[in-house]
Amino acid sequence: MDLLYWKSYLHARLDEIEPLMTTPWGFICACILIELLARMVNGIGRGKLTRQQYEAFVVEWMDDYGPQAEHPFKYNSTVVRLANSSEPPEAEEKSLATQMYCIMRSSMVHNLSLVAGDSELRSGGVDYSIHLTDRKTAVAQGLKHLQNYDNDAAVFVGEDFLEDIGKVIDKVFAAAEADDALKANMASHLSSRTPVSWKS
């Protein structure tokens with residue numbers, strides 16, 4: 001596998017997305033890149049990437065998004081998952097990685113919505129737990145990327161989010177140079193589900 005080619009390929013996709021980061025479409029494209037990277041790291045190929053694998057990718061590879069971050073994002077409220085059981089569900093800590101999966105990756109990508117469906121509610125998703133904005137609006141409103149906002153939502157500033165994904169691309173490909181198992185997973189996924197090539 002040509003690591004340099006695929007790293008350049010993903011950075012080229014970032015460059016294409018950048019002008020869209022003031023719109024929902026930019027966030028949707030960014031979420032697709034995170035999913036692609038998670039699939040590559042796990043060597044998913046034609047299989048299904050689970051919520052747990054996606055969340056583990058966010059926590060492990062996205063430096064500022066997990067509990068190990070220098071200044072980890074923390075929601076103020078807990079979440080009670082939608083359950084089919086007669087037993088009363090217990091409240092649990094609301095996780096940024098879970099909200100990214102349920103609200104951004106699932107609701108935004110599949111429904112252009114920040115409202116969780118039943119499956120996302122069962123997984124711990126919370127309606128409007130993520131607030132999307134662009135840098136110009138964030139500056140005007142005094143908001144920062146990954147700060148807590150009204151109604152206990154995590155602020156995602158589009159341009160900052162995209163920069164973070166660029167750092168993840170670099171981190172994954174640097175790790176693959178020294179990790180044969182990771183490189184094999186990436187090669188397996190890319191050969192089974194090769195991303196579309198595009199020449200303009």
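Each value, and the rule that gives it
- Residues numbered from 1 in each chain as written.
- Predicted model: local features only at pLDDT ≥ 70, side-chain atom pairs only at ≥ 80, totals over all residues.
- Heavy atoms only, no water.
- Axes fitted to C-alpha atoms, helices over the stretch in contact; angles between N-to-C directions.
- Helix = DSSP H or I, 4+ residues; strand = E, 2+ residues; numbered from the N terminus.
- Parallel < 35°, antiparallel > 145°, perpendicular 65-115°, else oblique.
- Contact = heavy atoms within 4.5 Å.
- Nonpolar A, V, L, I, M, F, W, Y, C, P; charged D, E, K, R; others polar.
- Buried < 20%, exposed > 50% of the residue type's maximum accessible area, 1.4 Å probe, protein only.
- Phe/Tyr/Trp six-rings, centres within 6.5 Å; stacked < 30°, edge-to-face > 60°.

1. A few points about the packing of helix H2 (residues 24-42) against helix H8 (residues 180-192)
Taken N-terminus to C-terminus, the directions of H2 and H8 make an angle of 120 degrees; their axes are 6 Å apart at the nearest point. One finds that H2 runs oblique with respect to H8. Across the interface between the two elements, Leu-36, Arg-39, Met-40, Val-41 and Asn-42 from H2 touch Leu-182, Asn-185, Met-186, His-189 and Leu-190 from H8. When the residues that make up the contact of H2 with H8 are grouped by side-chain class, the tally is 6 nonpolar, 3 polar and 1 charged.

2. Remarks on the environment of Leu-121
Along the chain, the position of Leu-121 falls in helix H5 (residues 118-122). Residue classification places Leu-121 among the partly exposed positions, given a relative accessible area of 27%. Separated by 39 residues in the primary sequence, Leu-121 and Leu-82 have C-alpha atoms spaced 5.3 Å apart. Apart from the residues lying within four places of it in its own chain, the contact partners of Leu-121 are Arg-81, Leu-82, Ala-116 and Asp-127.

3. Some details on the packing of aromatic side chains
A complete count under the given rule lists 10 aromatic pairs for this structure. An angle of 65 degrees between the planes, with centres 5.3 Å apart, marks the rings of Tyr-54 and Tyr-101 as edge-to-face. Of this pair, Tyr-54 sits in helix H3 (residues 51-61) while Tyr-101 is found in helix H4 (residues 96-111), placing the two residues 47 residues apart along the sequence. In this pair, the class of Tyr-54 matches that of Tyr-101, namely buried. Chaining the aromatic ring pairs together yields one cluster made of Phe-27, Tyr-65, Phe-156 and Phe-161.

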